[in-house]
Amino acid sequence: MTYKRKRPEADNATRLAAPKRSRHTASPDLLSPLSDELLVRILSFLPLPDLLNTAPVSKRFYDISGDSQIWKRLYYSRFVLPRALRIPGFRDGSARDGKLYYSSHKALWADGRRGGWVDIPNDEMEKRSRNWKMQYKLRHNWSKGKCAVEELHLGHESGLPDITQSHKMLVKASEGIAVTADVATGLRAWDLKTKQLLAQISLGEADSDAVPSCITVDDQKQLRNNAMEIALGFIDGSFGVWELDIRKRRIVQRYRHEKSSNGELVGIAFSYPYLLTATKSVLISIYTFDGPSKTDHPVSLESDNQIEQCSTDGTKKVSIEDQPSSGYPIPRTRGRLEKGVNLQPPYLLTSLKSHTSRAPLALSIRRTAGGIVASIAYTFSTLQGWSLGIQDLHLRPSNSRSKPTPEITTTRLAYTLPVRTIPPHIPSPPTSPSGDIPPSSTSEQTSDSLDGPINLCYTHPYLLATLPDNTLILHLCTSNASSLSISPGIRLWGHTSGISDAEITARGKAVSVSGRGEEIRVWELEGRAHGRSVEVRPTTKPIIDEDNADDAISSNTATIQWDDRRNWVGFDDEMVIVLKESKGRESLMVYDFT
């Protein structure tokens, strides 16, 4: 029997040390040894689709692909640079001295977190915690109309059968807080993120005299102070001021004025200490809460001043004249005032009366480097149709002890060219489906129903008018120390049904909603003449009912009801809020773009 020769131990050691030949040729990993700083620099040159594809590779690449340095660069190139290129002289470099700095309105939500598109950080720690990927996603969702929608029921239908048209819900939204007011439930504040009721206070007895007709909030007061000033106007001519304390979750009444014989208030603007009101008969009143004390002698204004606006094409004259009375109103208040927060009775600076202007009106108060500007946008009829007008009142605080009240330094008027009355047969716009209107339906419409806008929104420098033919008209207002002018209007097409409300910001961002159906459009109007819009396409979330949560679970699938009405729209940096009315019940539709 033959035996095999054993291998030497040296041969076995050499055999074991020899590497095995791989079946697949693997490329060397050149990225893993690199530092995070180098990987961030490399990924910053990738297009957006390739950058998103690197996130699922590993946890390390997921964290690096979401670095704020990368998304800040993408945010700048897509959303900031196109706006900067519209600055005169920016392309050739004459308007650029070093780096370009950009900012936006700073937002602070009710839960203390910071929001908004681009809010400048206060310290280095806040700068590092900025989530630019979330900011980019927010702006991207706005540009595509992508959002999630939730319905927040405000309460059951009212048990007041006598109040029909006057019993309506008023809504105002600002920085994640929605404020609602009506005669049945009073004044309430809602956190739109948590969908929780923050505070509530009664407005008085449930009678017709306490029905609110207009609402506004003081946008100048930052929510970082955990407070919000709210002003309400009523159909009996009275008005009041309330303060919302977000931290303590309560609403305190600061001032309530007695009813007036001037009639129902249809517009109100408030920026402490100034309050601007408008009645249904177009009586404009300007108040200040920083007037002289009650022991001082009221300062009277000249009563023979008359500001006239005459058009050169033979149209009617629009005159706004000062009322002879000025000083304190009747210093009586209604309701309980808490010690330490109540305001003294406001001092009436002046009143303006117009005999040719008519609704709709839009009031605003803004702060400039030279003082305060109170603006009134109004409608008036002409021989050729109708026109829009704006009057600016420039206020300046007084430094004299002899006259402690603010003084009106100057007033300026501007108006648009007349718009011809729409004929009974309304032609369809080129971008909308064409169709013939039955003669029987159009013949019943009166000339007044189509003569002029149905709603006005003025946020300097933009004046947006809603027309009854499913369109909008945008005007740009230019104001300086010596002049005020209004540019020709730009017609905005896009809606396929009647528009109930529209709102615009100082950045040129607008949102409009149709009265029927669920058509909501977002407009980016800054520096653009084409006026294109994006239709909001939401995904439905479960309905949240504060009064009955069990019934809300069975209503998760929202169906479009043609009888439902959308009466109001408002928005901030992260969401759009629409007031919906369905079978006597009112609710807030919250469209969240985050």
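Up top you'll find the structure we're talking about.
On a predicted model such as this, the values are computed, not experimentally measured, just so you know.

Caption draft 1: Structural view of the overall build of the protein. Looking only at helices and strands, the protein features nine helices and 35 strands. Among the 594 residues that make up the protein, the fraction classed as buried is 46%. Long-range pairs, those at least 24 residues apart, make up 55% of the contacts in the protein with a sequence separation of at least 6. Carbon together with sulfur atoms contributes 51% to the accessible area of the protein, which is approximately 31,600 Å² in total.

Caption draft 2: Main features of the pairing of strand β5 (residues 177-182). Of all six residues in β5, six are buried, a share of seventy percent or more. Here β5 shows a buried face lined by Ile 177, Val 179 and Ala 181 and a second buried face lined by Ala 178, Thr 180 and Asp 182. In this structure, strand β4 (residues 170-174) lies alongside β5, joined through five bridges in antiparallel fashion. Across the sheet, the residue bridging to Lys 172 is Val 179, located in β5. Between β4 and β5, which follow one another and run antiparallel, lie two residues, and Glu 175 among them has a positive phi close to 55°. Where β5 folds back on strand β6 (residues 186-191), the antiparallel hairpin that results is connected by three residues.

Caption draft 3: Structural view of the packing of helix α5 (residues 68-84) against helix α7 (residues 132-144). One can describe the packing of α5 onto α7 by two numbers: an axis separation of 8 Å at closest approach and a directional angle of 30°. As judged from the angle between their axes, α5 and α7 are roughly parallel. The two elements α5 and α7 cross, and the hand of that crossing is left-handed. Within the contact between the two elements, α5 uses Ser 68, Trp 71, Lys 72, Leu 74, Tyr 75, Arg 78 and Phe 79 and α7 uses Trp 132, Lys 133, Gln 135, Tyr 136, Arg 139, His 140, Ser 143 and Lys 144. Split by residue class, the contact of α5 with α7 holds six nonpolar, four polar and five charged.

Caption draft 4: Looking closely at the sheet that holds β4. Spatially, the four strands line up as an open sheet ordered β4-β5-β6-β7, and their pairing is antiparallel. The open sheet has two free edges, formed respectively by β4 and β7 (196-201), since each of these has just one partner strand. With strand direction ignored, the average angle separating the axes of adjacent strands in the sheet is 20°. Taken together, the six bridges between β5 and β6 define a ladder with antiparallel strand orientation. Residue pairing across strands places Asp 182 opposite Gly 186, the latter belonging to β6.

Caption draft 5: Broad picture of the packing of aromatic side chains. On inspection of all chains with the given rule, the structure shows 13 aromatic pairs. The structure contains a cluster of three or more aromatic residues connected by ring pairs, namely Phe 239, Tyr 255, Phe 270, Tyr 272, Tyr 287 and Phe 289. Just above the ring of Phe 234 sits the side chain of Arg 256; from NZ or CZ to the centre is 4.2 Å. Across from the ring centre of Trp 493, 5.9 Å away, lies the NZ or CZ of Arg 491, which sits over that ring.

Caption draft 6: View of empty space enclosed by the protein. Inspection of the entire model under this criterion finds two cavities of 30 Å³ or more. As a volume, the second largest cavity reaches approximately 40 Å³. If you go around the second largest cavity, the residues you meet are Met 134, Leu 138, Glu 574 and Thr 594. When its residues are assigned to classes, the lining of the second largest cavity shows two nonpolar, one polar and one charged.

Caption draft 7: Highlighting the nonpolar core. Of all hydrophobic cores here, the largest spans 20 residues; its most connected members are Leu 276 and Ile 376. Those elements that provide at least two residues to this core are β13 (274-279), β14 (283-288), β17 (347-354), β18 (357-368), β19 (371-382) and β20 (385-396).

Caption draft 8: Quick look at the pairing of strand β9 (residues 227-234). With eight of eight residues buried, β9 lies mostly within the body of the structure. What you see with β9 is no split at all: Ala 227, Glu 229, Ala 231 and Gly 233 on one side and Met 228, Ile 230, Leu 232 and Phe 234 on the other are buried throughout. As paired strands, strand β8 (residues 212-217) and β9 are joined by five bridges and run antiparallel to one another. Each bridged residue has a counterpart across the sheet, and for Thr 216 the counterpart in β9 is Ala 231. Looking at chain direction, β9 and strand β10 (residues 239-245) are connected through seven bridges and run antiparallel. What sits directly across from Ala 231, in β10, is Val 241. The turn linking β9 back onto β10 is made up of four residues, and Gly 237 within it adopts a positive phi angle of 90°.

Caption draft 9: Quick peek at unusual backbone geometry. The residue after Ala 359, namely Pro 360, is reached through a cis peptide bond having omega 5°. We note that Lys 195 has phi near 60°; this positive angle belongs to a residue other than glycine. Secondary-structure assignment places Lys 195 in the loop between β6 and β7. Overall, the relative accessible area of 6% leaves Lys 195 in the buried class. Phi angles above zero are rare outside glycine, and Arg 249 is one such case at about 55°. Inspection of the secondary structure puts Arg 249 in the loop between β10 and β11 (250-256). Overall, Arg 249 belongs to the partly exposed group, its relative accessible area being 45%.

Caption draft 10: Region of interest: the pattern of salt bridges. Taken as a whole and assessed by the stated rule, the structure comprises 14 salt bridges. One salt bridge connects Lys 195 with Glu 150, and the closest N-O pair in it is separated by 3.4 Å. Of this pair, Lys 195 sits in the loop between β6 and β7 while Glu 150 sits in strand β3 (residues 146-153); the two residues are 45 residues apart in sequence, bridging distant segments of the chain. Of the charged contacts, one joins Lys 580 and Glu 151 as a salt bridge, the two residues approaching to 3.6 Å between their closest N and O atoms. Placement of Lys 580 in strand β34 (residues 575-582) and of Glu 151 in strand β3 is noted, with a sequence separation of 429 residues between them.

About the criteria used
- Residues numbered from 1 in each chain as written.
- Predicted model: local features only at pLDDT ≥ 70, side-chain atom pairs only at ≥ 80, totals over all residues.
- Heavy atoms only, no water.
- Helix = DSSP H or I, 4+ residues; strand = E, 2+ residues; numbered from the N terminus.
- Buried < 20%, exposed > 50% of the residue type's maximum accessible area, 1.4 Å probe, protein only.
- Contact = heavy atoms within 4.5 Å.
- Areas by Shrake-Rupley, 256 points an atom, 1.4 Å probe, with all protein chains shown as cover.
- Pairing = 2+ DSSP bridges.
- Axes fitted to C-alpha atoms, helices over the stretch in contact; angles between N-to-C directions.
- Parallel < 35°, antiparallel > 145°, perpendicular 65-115°, else oblique.
- Left-handed = near helix turned anticlockwise from the far one by under 90°.
- Nonpolar A, V, L, I, M, F, W, Y, C, P; charged D, E, K, R; others polar.
- Phe/Tyr/Trp six-rings, centres within 6.5 Å; stacked < 30°, edge-to-face > 60°.
- Lys NZ or Arg CZ within 6 Å of the ring centre and 35° of its normal.
- 1 Å grid on protein atoms, 1.4 Å probe; cavity = no way out; pocket = protein on both sides within 12 Å on 5 of 7 lines; lining within 4 Å.
- Points joined across faces, edges and corners; volume = space filled by probe spheres on them.
- Core = buried A, V, L, I, M, F, W, Y, C linked by side-chain atoms within 4.5 Å.
- Salt bridge = Lys/Arg side-chain N within 4 Å of Asp/Glu carboxyl O.

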